[in-house]
Amino acid sequence: MGGQTVKPYAFSEIEAKWQQRWQEQGIYRATPRPDRQKFYCLEMFPYPSGRLHMGHVRNYALGDVVSRFYRMRGYEVLHPMGWDAFGLPAENAAIKRGVHPADWTYANIAYMRRQMQKLGLGYDWERELATCDPEYYRWTQWLFLLFYERGLAYRAAARVNWCPGCQTVLANEQVVDGACWRCGSPVEQRHLEQWYLRITAYADRLLADLERLDRWPERVRIMQQNWIGKSTGAEIDFPVEGLEEKITVFTTRPDTLFGVTFMVLAPEHPLVDRLVAGHPDIEGAVRELREKGVPVTERERATLEKIGIRTGARAINPANGQPVEIWVGNYVLMEYGTGAVMGVPAHDQRDFEFARRYGIRIVPVISPDGGPVSAEAMEAAYEEPGIMINSGPFDGTPSEEGKARVVRWLEERGAGRPKVQYRLRDWLISRQRYWGAPIPLVYCDRCGIVPVPKEDLPVLLPRQVDFRPGGLSPLLGVEEFVNTRCPRCGGKARRETDTMDTFIDSSWYYLRYACARDDREAIDRQSVNYWLPVDQYIGGVEHAVLHLLYSRFFTKVLHDAGLLDFEEPFQALFTQGMVTLGGAAMSKSRGNIVDPEEIIGRYGADTARMFILFAAPPDRDLEWSESGVEGIYRFIQRVWRLFWDWKESADRATSRGPASPQLDRLVHRTIQRVTHDIQDRFQPNTAIAAIMELVNGLYEYRSRPAAEQCGEQLEQALRTLILLLAPFAPHLAEELWEAMGEKESVHRQAWPVYDPAKLVEEEVTVVVQINGKLRDRVVVPAAASREEMEKAALSSERVRAFLNGRTPRKVIVVPGKLVNIVV
RNA sequence: GCCGGAGUGGCGAAACUGGUAAACGCUGUGGACUUAAAAUCCACCGGUGCAUGGCACCUUGCGGGUUCGACUCCCGCCUCCGGCACCA
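Residues numbered from 1 in each chain as written. Chains lettered and ligands numbered in written order. Predicted model: local features only at pLDDT ≥ 70, side-chain atom pairs only at ≥ 80, totals over all residues. Heavy atoms only, no water.

S.K.: Could you give an account of helix α5 (residues 134–149), naming the residues involved and the relevant values?
M.R.: Taking 1.5 Å per residue, 16 residues should reach 22 Å; α5 reaches 22 Å between its end C-alpha atoms and fits that length. Among all positions in α5, only Y136, Y137, R138, W139, T140, Q141, W142, L143, F144, L145, L146 and F147 are buried. Of the residues flanking the end of α5, it is G151, one or two places downstream, whose phi is positive at about 75 degrees. (Helix = DSSP H or I, 4+ residues; strand = E, 2+ residues; numbered from the N terminus. Expected span 1.5 Å × (residues − 1). Buried < 20%, exposed > 50% of the residue type's maximum accessible area, 1.4 Å probe, protein only.)

What follows is the structure, encoded as C-alpha cells:
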C-alpha cells in the first residue's frame, strides 16, 4: 500500500479531546424516553481502594461495550457508576497514616474517577453516588428503619463470628474456610448481642425464585441454592422419662423413626443442665465439651472425633414407646434445627459410627428388598431408600412413601409435624467499627429501643473519633454522639454505637442510581420502576452468596413494602473471570496490582480496553501478561493507516471499479458476527477477531489496482468498520467518524444491520471425504442440488484415484458443505 | 464425599446445531525495504514418516462406545479450579 506518511496516531491527544467533548455534550446522560426501550447496564461498583487495576478494567470495559452497543441499537441506556465507600481499609489507612477515613476515601474516589474517565468509560456521572455520603446513608438508615418496622431487624444474643484482625463481628457469608473474607484472619467464636436482619424469613422465596433467573450463570444459582440449604422433613417430640419435658428433634428421615436407639443433644442445649444435674462427673464432662467449643472451620469439624457423653437420662420413642438413651455430643450443632438429633445407627453413617463406638444397639428398619436384615452383619449404615421393616404398622411400606405417612401418623398423635429446615442463618449486620452507616436507634431507659424518627435522618457520623480498634465500637467514645434524648419521651438516652455492615449499603445502590439526586425519598417509585430491574449486571463471582444474595433479599422486602414492582433486581448476570497475577486475584491488600495507567500512557486507553477484552473469553480467569498488548496496538494503528491512506489518497474519487460481492459479503458477515458475539454470546474476544478479519480483508482489497476498486463501496465498508469498532475503541472510532465528515457522535449512530442477501455466495467450496477422511475439495454453485454435488465429488480425479474402481456403498451430502463417500 | 466448571499448537485462544481442528492474535524463523535499526510489508510456523515443489499417517487430558463422520453425544477414568460438607 502507498501512503507512507499518513498522520501519526496521537492517542493521548485524541483521547483527551473526546473525553472532554463527551463530558461537555453529556452524551452518556440517561433520560427516560417514552419512544425507546430502556436498557440498564450495570457493573458492580468498586471499593475506592486507591487505584484501578486490570481486573477493574476488564469489568468496566465489558460493561462499556455492552452499554455502547445497546445505545447504538436504539435503547435508552442507563450506565451509572458509584463507590462502595464505607469499609475498613479507610480506617486502617487512618490508623497507619493519620489521614481521616473520609479524606482518604474521597481522595481515592477522585483519583479513581479520573482513571475511569481516562479509560473513556461512558458513564452518566450525574448519577454518581458514594455510600459514605450522608445523602446516601441517610436513606440506608431509612431502609434499616423500614426493615425494623416490618419486624425484619432484631437484636439477639448468639454465638457469633469474631474477626480479630478487623476487630468486629462477621456474618456467616463473610467467613470463608474459617477465615475472614476480607483480611484472612482465622475467625473466633464469641457470644454477643448483635443486630440481625431476618433473611431466613425469605429463604423459601430466595430459593424458589432462583428458577426464574434463567439468564444467571447456573453456577451462581447452585451456589445460592447450596447456601440456602433447604431440607424437608419433620419435627418429632420425644418425651423425657421422669420429667415433664420433651425433646424435639428435626429429621429428614421420619421413615427411620422405629430404628431410633439413642438421641444426641448439642452441648449448649437448654435441657442438658437439668438432665445431668446431680451427677458431678457428667456435669464436668459436659462443661469440658462446651469449653472446647466447636471448631471454626468446616473441615476441622468434619474430621473432628465424635465424642459422646451418656447423660443417664432416657427419652421415649413416640413411635413404639421404647426408651432411648440421651447423649450429649460434640457433633450436634445448636444453630441448626433444634439442637437435638435422633440417632438411627442402621441408616445414618454418623450414627452408625457413634453407636459402634459406644456399644449402642443397632436396629435396621429399612431393608433394600423387604427381607430381614442382620444388624450384626452391617458394616456401614444403609442410607438408600428401601422397604420399611421392624416398623409396626408401616412394615412393607416403601421408605420414600413412608416419610410422609409416618409424619401424618405422628401429627394425629400430636407427636410431630412436617418441617422445612434451612441452612441459611439470619444476617448479622452490626459492626464494631467507625467507617459505616450508624444504626439509627436509641436506647432509652424508659422506652427501651426507639427508632430515630425518619425526619431526623441522617444520624451523622461524627468526624472526631478515635478509631483505633479495641474490640468496642469507636463511636462509644464520642460522648456528644452517644448521649442523646429519647425521641419518644424526651428523657436521657444513648445512641446505638455500632455501624452497619457495608453489604447493606451495596444491597440497594442499584436502585438509587435511578433517582440518585432525589432528596425527598430513598426510592422514587416512578424512576426506579422505570429503569429497574437491571438488564445486564456484570461482576465477579466472589459475590455469589454475598452481595447477590443480600440484594435479592432487599429487593423482595422493598417489593413487599410496595416500593418496587419487581421481585428480582438483576435480570441477567454475567460473572467475569478474575485477572490474576502470580495466580491470585489482583487486590491492593495482596499488593499484586497492575496499574492500567502504564498501559494507557504507552498505548492509549483504546488499546488497554481492547487488549483485555481480546485476551480471553470474559468468563475465564486471565493470568496477566503484557505479551499481546503490542498486537492490539498494531491492529489499531492498522485501522488508523487504512483510514488515512484512503482519505488522503488521490485516487479516492476516481476509483470507479465495479462493486465487489466478496467485499460486501465480508462486511455483512462481519456485522452479523460482531452483533451476535456481543448480543447473544457475550464474547468480545471473537467479535474483535471478526473485526480484525475485516481489516485484513480491506487491506487486501486496497492492494488491488485503483481502477478495480469501487470508491463508494470502500467508503461504506470503512463507515461500517468505524461503527463496529465504536463500542471497543470509542476514541478511535469517534476521531475517524469525525474525519469522515460527520458532525454527530459515532456513539449516537445506529448500529449497522446486515443484509442476508449480501451473505449469499455464488459458489462454495465443498469438502469431499472418503470414509470420513478429507480427500479433496470441489467448487460448486452455491445452489447445487445434492445430486449435482455428488456428481461433482465423484468426478474429482483425486477421488477417483482413491476409490480405485470401488463403488460407493453410500454417499452422504450436506448441501453447501460436504460430500462423504462411504465404500 | 456431593455438586458445578475446565483440560485443544511454543503461548492467549477459535470451531455457534455432530460436518474442512487450530480462525484471530502473540512469540519465533526466513525474506523485502533500509547505510543500519525501528516501523511496515511478504512467507512459513501441531507431530511423525517417505527422501520432501508433494504425499501418507497421527493429533483436541486418558481408555472405550455410538455414528458415514465426534473437540462436540454416551460410558469409565485422570488432572486442575470453584462451591457445599458431622446440616441431622
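S.K.: Please set out the protein's contact with RNA strand B residue by residue, giving values where relevant.
M.R.: Neighbouring RNA strand B are 56 residues, the closest being Y336, R423, A615, R777 and N820. Taking all atoms of RNA strand B within 4 Å of the protein, the share assigned to sugar and phosphate is 66%. In the environment of RNA strand B, a phosphate oxygen lies 2.4 Å from a nitrogen or oxygen atom belonging to the side chain of Y336. One nitrogen or oxygen atom from the side chain of R775 is found 3.2 Å from a phosphate oxygen belonging to RNA strand B. (Near = heavy atom within 4 Å. Polar contact = N/O pair within 3.5 Å; in protein donor to acceptor, adjacent residues only side chain to side chain.)

S.K.: Which residues make up the sheet that holds strand β14 (residues 323–329), and what values go with them?
M.R.: Across the sheet, which stays open at both edges, the 4 strands sit in the order β13-β14-β12-β15 with mixed pairing between neighbours. Single-partner strands in this sheet number two, and they are β13 (308–316) and β15 (340–343). The average undirected angle you get between the axes of adjacent strands in this sheet is 30 degrees. Where strand β12 (residues 262–265) and β15 come together, 4 bridges link them in antiparallel fashion. What sits directly across from M263, in β15, is M342. Relative to β13, helix α9 (residues 280–292) is tilted by about 115 degrees, and along the sheet it contacts β13 and β14. Strands in contact with helix α11 (residues 349–358) are β12, β13, β14 and β15; relative to β12, the strand with the most contacts, it is inclined by about 105 degrees. (Pairing = 2+ DSSP bridges. Axes fitted to C-alpha atoms, helices over the stretch in contact; angles between N-to-C directions. Contact = heavy atoms within 4.5 Å.)

S.K.: Would you mind going over the packing of aromatic side chains in detail, with residue names and values included?
M.R.: Inspection of the entire model under this criterion finds 49 aromatic pairs. Relative to W125, the ring of Y123 lies with its centre 5.5 Å away and its plane at 80 degrees, an arrangement referred to as edge-to-face. The class for Y123 is buried, based on a relative accessible area of 3%. Here W427 and Y550 contribute two aromatic rings whose centre-to-centre distance is 3.6 Å and whose plane-to-plane angle is 5 degrees, an arrangement assigned as stacked. With a gap of 123 residues between them, W427 in strand β19 (residues 427–428) and Y550 in helix α17 (residues 547–560) connect regions that are remote in the sequence. Of the residues examined, W427 reaches a relative accessible area of 0% and is grouped as buried. Take Y550: its relative accessible area is 0%, and that puts it in the buried class. Each member of the aromatic cluster is reached from another via a ring pair, and the members are Y9, F11, Y603, Y633, W640, F643, W644 and W646. Above the face of the Y47 ring, R182 is positioned so that its terminal group lies 5.7 Å from the ring centre. When the ring centre of Y699 is taken as reference, the NZ or CZ atom of R638 above it lies at 4.1 Å. (Phe/Tyr/Trp six-rings, centres within 6.5 Å; stacked < 30°, edge-to-face > 60°. Lys NZ or Arg CZ within 6 Å of the ring centre and 35° of its normal.)

S.K.: Any details on the environment of A16? Residues and values, ideally.
M.R.: With respect to the helices and strands, the residue A16 is situated in helix α1 (residues 11–25). Sequence separation between A16 and S430 is 414 residues, and the spatial gap between their C-alpha atoms is 45 Å.

S.K.: Go over the pairing of strand β9 (residues 188–197) with me, naming the residues and quoting the values.
M.R.: Here strand β5 (residues 153–163) runs beside β9; their pairing, made up of 10 bridges, is antiparallel. For A156, the partnering residue across the bridge sits in β9 and is Q194. Pairing analysis gives 2 bridges linking β9 to β19, with the strands arranged antiparallel. Each residue of the ladder has a partner; that of L197, found in β19, is W427.

S.K.: A description of the side chain of Q194 should follow, citing residues and the corresponding values.
M.R.: Its place among the elements puts Q194 in strand β9. Apart from residues lying up to four places away in sequence, Q194 is in contact with Y154, R155, A156, V160, V169, L428, S430, Q432 and D498.

S.K.: Just give me the short version of the environment of P32, but keep the residues and values in it.
M.R.: As for its position among the elements, P32 is in the loop between α1 and β1 (38–43). Separated by 584 residues in the primary sequence, P32 and A616 have C-alpha atoms spaced 35 Å apart. Dropping the residues within four chain positions of it, P32 is found in contact with Y530 and W531.

S.K.: Please set out the side chain of H100 residue by residue, giving values where relevant.
M.R.: Relative to the elements of secondary structure, H100 occurs in the loop between α3 (88–97) and α4 (101–118). Accessibility expressed as a relative area gives 12% for H100, which makes it buried. Side-chain polar atoms of H100 contact the side chain of Y434, separated by 3.4 Å. When near neighbours in sequence (up to four residues on either side) are disregarded, H100 contacts Y434, R463 and F467.

S.K.: Pulling in residues and values, what's your account of the pairing of strand β33 (residues 810–814)?
M.R.: Across 5 bridges, β33 lies against strand β34 (residues 818–822) in antiparallel orientation. If you follow I812 over to β34, its bridge partner there is N820. Following β33, the chain reverses through 3 residues before pairing antiparallel with β34; G816 in that reversal takes a positive phi of roughly 75 degrees.

S.K.: An account of the sheet that holds strand β27 (residues 573–576) is needed here, citing residue identities and associated values.
M.R.: In a beta sheet, neighbouring strands are held together by backbone hydrogen bonds and run either parallel or antiparallel to one another. Read from one edge to the other, the open sheet built from 4 strands follows the order β2-β1-β26-β27, with strand pairing classed as parallel. This sheet does not close on itself; its edge strands, each paired only once, are β2 (76–78) and β27. Each strand axis lies, on average, 20 degrees off the axis of its neighbour in the sheet, ignoring direction. Where β1 and β2 come together, 3 bridges link them in parallel fashion. In the sheet register, K38 faces β2, and the bridge partner there is E76. Contacts between helix α2 (residues 54–72) and the sheet are confined to β1, β2, β26 (536–540) and β27, with β1 contributing the most and set at about 175 degrees to the helix.

S.K.: With reference to specific residues and values, describe the state of the cysteines.
M.R.: Taken as a whole and assessed by the stated rule, the structure comprises 0 disulfides. Its sulfur unpaired, C163 is 3.5 Å from the next cysteine sulfur, which belongs to C183. Assessed through its relative accessible area of 0%, C163 is described here as buried. The structure places no disulfide on C486, whose sulfur is separated from the nearest cysteine sulfur, that of C444, by 3.7 Å. For C486, a relative accessible area of 3% gives the class buried. (Disulfide = S-S within 2.5 Å.)

S.K.: Describe unusual backbone geometry, naming the residues involved and giving the relevant values.
M.R.: Here the residue pair L457 and P458 is connected by a cis peptide bond, since its omega of 0 degrees sits within 30 degrees of zero. The topology assignment puts P458 in the loop between β22 (448–451) and α13 (479–482). Geometrically, the link from L532 to P533 is a cis peptide bond, its omega value of -5 degrees lying close to zero. The residue P533 is located in the loop between α16 (525–531) and β26 in this model. Not every positive phi belongs to a glycine, and Q167 is a case in point at roughly 55 degrees. Considering the arrangement of structural elements, one finds Q167 in the loop between β5 and β6 (168–170). With a phi angle near 55 degrees, D177 is a residue other than glycine that sits in the positive phi range. Topologically, D177 is positioned in the loop between β7 (175–176) and β8 (179–180). For D177, a relative accessible area of 56% translates into the label exposed.

Any link to function would need more than the numbers given here.
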